[in-house]
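Residues per chain are reported as follows:
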Amino acid sequence: MGSNSSRIGDLPKNEYLKKLSGTEFVSENDPFWNQLLSFSFPAPTSSTDLKLLEEATISVCRSLVENNPRTGNLGALIKVFLSRTKELKLSAECRNHIFIWQTNNALFIICYLLKVFICEMSEEELQLHFTYEEKSGSYSSDSEDLLEELVCCLMQLITDIPLIDITYEISVEAISTMVVFLSCQLYHKEVLRQSISHKYLMRGRCLPYTSKLVKTLLYNFIRQEKPPPPGAHVFSQQSDGGGLLYGLASGVASGLWTVFTLGGVGSKAASAPALASPLANQSLLLLLVLANLTDAADAPNPYRQAIMSFKNTQDNSPFPSSIPHAFQINFNSLYTTLCEQQTSDQATLLLYTLLHQNSNIRTYMLARTDMENLVLPILEILYHVEERNSHHVYMALIILLILTEDDGFNRSIHEVILKNITWYSERVLTEISLGSLLILVVIRTIQYNMTRTRDKYLHTNCLAALANMSAQFRSLHQYAAQRIISLFSLLSKKHNKVLEQATQSLRGSLSSNDVPLPDYAQDLNVIEEVIRMMLEIINSCLTTSLHHNPNLVYALLYKRDLFEQFRTHPSFQDIMQNIDLVITFFSSRLLQAGAELSVERVLEIIKQGIVALPKDRLKKFPELKFKYVEEEQPEEFFIPYVWSLVYSSAAGLYWSPQDIQLFTMDSD
């Protein structure tokens, strides 16, 4: 590259790159490295630019892959970078722009080459390229492992270098290089259970940095630091319009790190707007990748352990000696950022991870008096289900299921009154409780699933969340009560339709033995399971909080005919007893009150009847409680999901789609 390189198109002819990738050994003490690292060219800002960069460097990269076994120049470059990082902290304090700029350039080249090497060869071959013995001109398993040293150095850089304007880019680049180092998984269809990432990150020299790294990545996410404006922290353009200082301002300041953070060809995020905080985005992605590494054969994942056990800074209780990698973080700041960032898949996945795995976080969040700040963004994800990918919807739904396991949460959400929910467009909601809104959104999700995706897993989790809340339903909004009964009506019609199809199919089979029959019995069984669940939810509310829900009784009476066919059905007879009793009791009181009653009068009669209805007449059923249980081998879902986020985010564009093995590129 060098100071004379100003365009991507010049790269194949660049004398410095030719020397780096050529047949000649270059010592790490050679002045060549200062020349190589003084490069600048307009930073790629689109997938087209990135494709040009990849195409322009193909010949250079192939030459390096071929010649490095004899020259060890990749190792020399890494040694140059490692020696520079020892002075990086002092350079930041002294604001040595050129030193930091060249060090960032070195890391940029290493990151790019590491990605190429990982793509082109096996892990065993990759490690050989990092164990070159200079004196003997060969590889040796006994020589210093530069790859481990590089990974440790990156962890130190991320955690120890102060984040100021001139170190922002190199901090992002270090995190990006860590993601690239872990990207071996992308080139395997199966989940990796033994890899170089396990070797270096779960034992040895890198292990002591575990808690510090996780804490730093979390704080990077919390702070959402924006990048410094282009040129704000470097030298201004010279009057002659060229030279090294102009290269510094025009090239590096515009963000050479954006090659990684803005991405490449074939990704959904190619047209995405620039990230508000590349550092926060990259930190979160790296954190999720680390948290979802599989356990080593002889040791659990230490990064997951750290995420499971960290505590609030206000918690003064000592950590148990049995908990490794423990640290403290400001829960209030973390909660605030999580509430603000739920529009992204990765922030929702982090919220799920913390709620599911860290009991300290879960207890803290459930004790908050402003839960609407967290719940509303989750409901908005579910409400816009058509615009979200299925994994994002699942994560949002499971978060609700985890929250509804807590009775205190189920009570408190009905005490929070919201005004003018603008994103809810089916009906103007000038005033509604958070609990009633949650019910509306979950029911809408069920109805969407019934007509579109027909995913049994989604159905089950939606109904489980409603069931968990049902005993605590309080002062249901009239529209929420109507939608509960409307959903039951929809299921009833679906049941009748499938029953009719099954009957017609059975008749047809009597005249033709050669035609295979559709499995209507299985469809009918699924629908009846869902209907029973809905009846149990209604029953749970009636038996535990009838006096709080006159609107639900009103909706039941208005659609009383719906329930007639299920009174004698063998699958529903037991659960229908209470519902039938309530309908009969209140219908009788309305009949006594006369015809043509107003809505207000009907509600008044219902409220009077609630007081008069003997509670012992309602049969008691076991409390409905469903707990989220993670699937066996959850890594089979989460690891491909996390890497799909890396790929499809503004960071993930670094990889060409044809190289990816882990997931199908046209999946949502």
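None of the values given here were measured: they were computed from a predicted structure.

Caption draft 1: Representation of the overall build of the protein chain within the structure. Of regular secondary structure, the protein chain possesses 29 helices and six strands. Buried residues in the protein chain amount to 56% of all 668 residues. Residue pairs at least 24 apart in sequence account for 74% of intrachain contacts in the protein chain once pairs closer than 6 positions are excluded. Summed over its atoms, the accessible surface of the protein chain is roughly 29,000 Å², and 50% of this surface lies on carbon and sulfur atoms.

Caption draft 2: Focus on the packing of aromatic side chains. The tally for this structure, following the rule as stated, stands at 19 aromatic pairs. Between Y16 and F32, the ring centres sit 6.2 Å apart and the planes meet at 35 degrees, which makes this aromatic pair tilted. Residue Y16 is located in helix α1 (residues 15-21), and its partner F32 is located in helix α2 (residues 32-36); the two are separated by 16 residues in the primary sequence. Take Y16 and F32: they sit in the same class, and that class is buried. Through a chain of ring-to-ring contacts, three or more aromatic side chains come together here, namely F310, F327, F331, Y335 and Y364. Its end group placed over the ring of F99, R84 keeps NZ or CZ at 4.8 Å from the ring centre. Sitting over the face of the ring of Y383, R444 holds its NZ or CZ atom 4.1 Å from the ring centroid.

Caption draft 3: Fine view of the nonpolar core. Membership of the largest hydrophobic core comes to 220 residues, with the highest contact counts inside it found for F81, L201, Y424, L437, I484 and F563. With 14 residues, helix α6 (residues 97-120) is the largest single contributor of residues to this core. Counting residues domain by domain, this core receives three or more from each of domain 1 (1-132 + 144-182) and domain 2 (328-505 + 519-617). In contact with L437, not counting residues within four places along its chain, are L376, L379, L418, I421, W423, Y424, L429 and I432.

Caption draft 4: Representation of the environment of I402. Structurally, the position occupied by I402 is in helix α20 (residues 390-403). By relative accessible area, I402 is classed as buried at 5%. Taking the C-alpha atoms as reference points, I402 and K627, 225 residues apart in sequence, are found 7.1 Å from one another. In this view, I402 contacts Y352, L355, H356, R362 and Y628; residues no more than four positions away in its chain are not counted.

Caption draft 5: Representation of the packing of α6 against helix α9 (residues 168-181). It is at 9 Å that the axes of α6 and α9 come closest, and there the two elements cross at 15 degrees. Classed by the angle they form, the pair α6 and α9 counts as roughly parallel. In this structure, the crossing between α6 and α9 has a hand that is left-handed. Only E169, I170, E173, A174, S176, T177, V180 and F181 of α9 make contact with α6, whose side of the interface consists of I100, T103, N104, L107, F108, C111, L114, K115 and I118. Across the contact of α6 with α9, the residue classes break down as 10 nonpolar, four polar and three charged.

Caption draft 6: The arrangement of unusual backbone geometry in detail. A positive phi is found at Q224, a non-glycine position, where the angle reads about 50 degrees. Assignment of secondary structure puts Q224 in the loop between α11 (210-223) and α12 (243-252). The backbone of S475 sits at a positive phi, close to 45 degrees, despite the residue not being glycine. When you line up the elements, S475 lands in the loop between α23 (456-470) and α24 (478-511). S475 gets classed as exposed once you look at its relative accessible area, which sits at 53%.

Rules used throughout
Residues numbered from 1 in each chain as written. Predicted model: local features only at pLDDT ≥ 70, side-chain atom pairs only at ≥ 80, totals over all residues. Heavy atoms only, no water. Helix = DSSP H or I, 4+ residues; strand = E, 2+ residues; numbered from the N terminus. Buried < 20%, exposed > 50% of the residue type's maximum accessible area, 1.4 Å probe, protein only. Contact = heavy atoms within 4.5 Å. Areas by Shrake-Rupley, 256 points an atom, 1.4 Å probe, with all protein chains shown as cover. Phe/Tyr/Trp six-rings, centres within 6.5 Å; stacked < 30°, edge-to-face > 60°. Lys NZ or Arg CZ within 6 Å of the ring centre and 35° of its normal. Core = buried A, V, L, I, M, F, W, Y, C linked by side-chain atoms within 4.5 Å. Domains from an automatic or database assignment. Axes fitted to C-alpha atoms, helices over the stretch in contact; angles between N-to-C directions. Parallel < 35°, antiparallel > 145°, perpendicular 65-115°, else oblique. Left-handed = near helix turned anticlockwise from the far one by under 90°. Nonpolar A, V, L, I, M, F, W, Y, C, P; charged D, E, K, R; others polar.

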